[in-house]
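Examination of the molecular architecture
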Amino acid sequence: MITTEPAVLVLEDGRRFEGRAYGARGRTLGEAVFATGMTGYQETLTDPSYAGQIVMQTAPHIGNTGVNDTDKESAKIWVAGYVVRDPSRVVSNFRAQRSLDDDLETDGVVGISGIDTRAVTRHIRSAGAMRAGIFSGAEYELSATEQLGAVRAGAEMAGQKLSSVVSTRERYQVPAVGERVGSVAVLDLGVKTSTLNYLAERGLDVEVLPESVTVDEVLELAPDALFYSNGPGDPEASESHVELLREVLKSGVPYFGICFGNQLLGRALGFGTYKLPFGHRGINQPVLDKLTGRVEITSQNHGFAVDAPREGVVDSPAGFGRVEVSHVSLNDDVVEGIRCLDIDAFSVQYHPEAAAGPHDSMYLFDRFREMVLARRESPDGQLPTASSEGDHE
């Protein structure tokens, strides 16, 4: 429901944007980022990768199609706060079960509407993602100095390990659909429901593991492959997951990682990671597949990236053989994928499982399936050649 109750978005550099209360009332703190998707707001809100972030939608109208239980990517809304320009006054979709306002209030998500999101976006693009706060209800009555002080006292995203916040507490299984081809151990660093379903649909028994799992526990399962999911936080703060990955790679288990899993593969191979000025968040990010020369429109949500040579084949600094950057961003040349040539491991920085679209990158799940099949048929098997990998019309 649209209200006239006041609210304010406060950025750590002192900029203030007055608007109306939206969702729950109160105070929330987090890193202010923007997402450019024109659709899929429910998938964005329930994506665990957004934990700790105040997400602003650049699309002006949000909430038109309401929310439902089918499109949720996890059990709850994970964003720290939500910023929109014009929330829909009515819900107009036959699949809707509730309004977006209902879920925001139920999950205690403090939001703000009625502000100039274009102005905020331009500011973040210039100044970079930064800490922010939304204040409504009694919190709106605090002085500007007190509100800014609260924002500046909040945690920086750099250095945060948030996988322990979003990961499952208990192991669980998603059985293979159709003909079974093998099993995959999925390290839940903030995994989305769509990812698990797409793996299962390719004949893989999916064993979802908490982020606290040990390498012995993983190897005891004897999986045919290992998968690292997307997730929030700074990859530099997840050294335990890097060490686990190194040990599993040494054992010869094939690996596929997406988003956070790409950053952790980069670190496991001996490369560094760094924080982007304002990140990539949206469903319209162009990426070049260097193996095929094709351009994919991808869904992305990340604020950190891998620092690796963009051209040529290099030796892994950590001793895992030859490595090449397989995908790059056409917007800013950020590393968007890594391919190992001497071990069965690859990863991408984007989300091939994008439920709201696009679906250009769905072939990566098929590539992973082929890797598992090749490994089962020949323990010494390698990744398919670049020419065979390129056949994904």
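Residues numbered from 1 in each chain as written. Predicted model: local features only at pLDDT ≥ 70, side-chain atom pairs only at ≥ 80, totals over all residues. Heavy atoms only, no water.

The following threshold applies: UniProt positions are given in the numbering used here, feature names are shortened, and annotations may be inferred rather than shown by experiment.
As named in an unreviewed UniProt entry, the protein is Carbamoyl phosphate synthase small chain, taken from Herbiconiux flava. Checking UniProt for the protein, the heading Subunit (unreviewed entry) contains the comment "Composed of two chains; the small (or glutamine) chain promotes the hydrolysis of glutamine to ammonia, which is used by the large (or ammonia) chain to synthesize carbamoyl phosphate. Tetramer of heterodimers (alpha,beta)4." According to the UniProt record, the Sequence similarities (unreviewed entry) comment for the protein is "Belongs to the CarA family."

Topic: the pairing of strand β1 (residues 6-11)
Applicable threshold: Exposure classes here rest on a 1.4 Å probe applied to the protein chains alone. A residue is buried below 20% of its type maximum, exposed above 50%, and partly exposed in between. Secondary structure counts use DSSP, requiring at least four H or I residues in a row for a helix and at least two E residues in a row for a strand, with both numbered from the N terminus. The criterion for strand pairing is that DSSP finds at least two bridges linking the strands in question.
Of all the six residues making up β1, five are buried; the element is thus mostly covered by neighbouring parts of the structure. As paired strands, β1 and strand β2 (residues 16-23) are joined by five bridges and run antiparallel to one another. The residue of β2 that forms the bridge with alanine 7 is glycine 19. Taken together, β1 and the strand that follows it, β2, pair antiparallel across an intervening segment of four residues, in which glycine 14 is found at a positive phi of about 100°. Pairing of β1 with strand β9 (residues 130-136) involves five bridges; the strand directions are antiparallel. Its bridge partner being in β9, leucine 9 is matched across the sheet by isoleucine 134.

Description of the sheet that holds strand β3 (residues 27-35)
Definition in use: Only the contacting stretch of a helix is used when fitting its axis, a line to C-alpha atoms as for every element, and angles between N-to-C directions run 0 to 180 degrees. What makes two residues a contact is simply this: any of their non-hydrogen atoms within 4.5 Å.
If you trace the seven strands once around the closed barrel, you get β1-β2-β8-β6-β4-β3-β9, paired in mixed fashion. Adjacent strand axes in the sheet meet at a mean angle of 35° when their direction is disregarded. Pairing of β2 with strand β8 (residues 110-113), which is carried by four bridges, proceeds in the antiparallel orientation. Note that in β8 the partner of tyrosine 22 across the bridge is glycine 111. Relative to β9, helix α4 (residues 144-152) is tilted by about 135°, and along the sheet it contacts β1, β2, β3 and β9.

Some points on the packing of aromatic side chains
Rule in force here: When the centres of two rings from Phe, Tyr and Trp lie within 6.5 Å, Trp using its six-membered ring, the rings pair. Their planes under 30 degrees apart give stacked, over 60 give edge-to-face, and anything left gives tilted. Any Lys NZ or Arg CZ that is within 6 Å of a ring centre and within 35 degrees of that ring's normal is treated as a charge sitting over the ring.
Inspection of every chain in the model, using the stated rule, returns eight aromatic pairs. Ring centres 5.3 Å apart and planes at 75° place the aromatic pair phenylalanine 227 and phenylalanine 256 in the edge-to-face group. Pair noted here: phenylalanine 227 is in strand β13 (residues 225-228) and phenylalanine 256 is in strand β14 (residues 255-258), with a separation of 29 residues, a long-range link. The two residues phenylalanine 227 and phenylalanine 256 agree in class, both being buried. Look at phenylalanine 227 and phenylalanine 368: their rings are 6.4 Å apart centre to centre, the planes differ by 50°, and that puts the pair in the tilted class. Separated by 141 residues along the polypeptide, phenylalanine 227 in strand β13 and phenylalanine 368 in helix α10 (residues 363-377) bring together distant segments of the chain. Relative accessible area serves as the criterion here: at 0%, phenylalanine 368 is assigned to the buried category. A network of ring pairs unites the aromatic residues Tyr198, Phe227, Phe256, Phe346, Phe365 and Phe368 as a single cluster. The ring of tryptophan 78 has lysine 76 sitting right over it, with the charged end atom 4.5 Å from the ring centre. Between the NZ or CZ atom of lysine 275 and the centre of the ring of phenylalanine 304, over which it lies, the distance is 5.8 Å.

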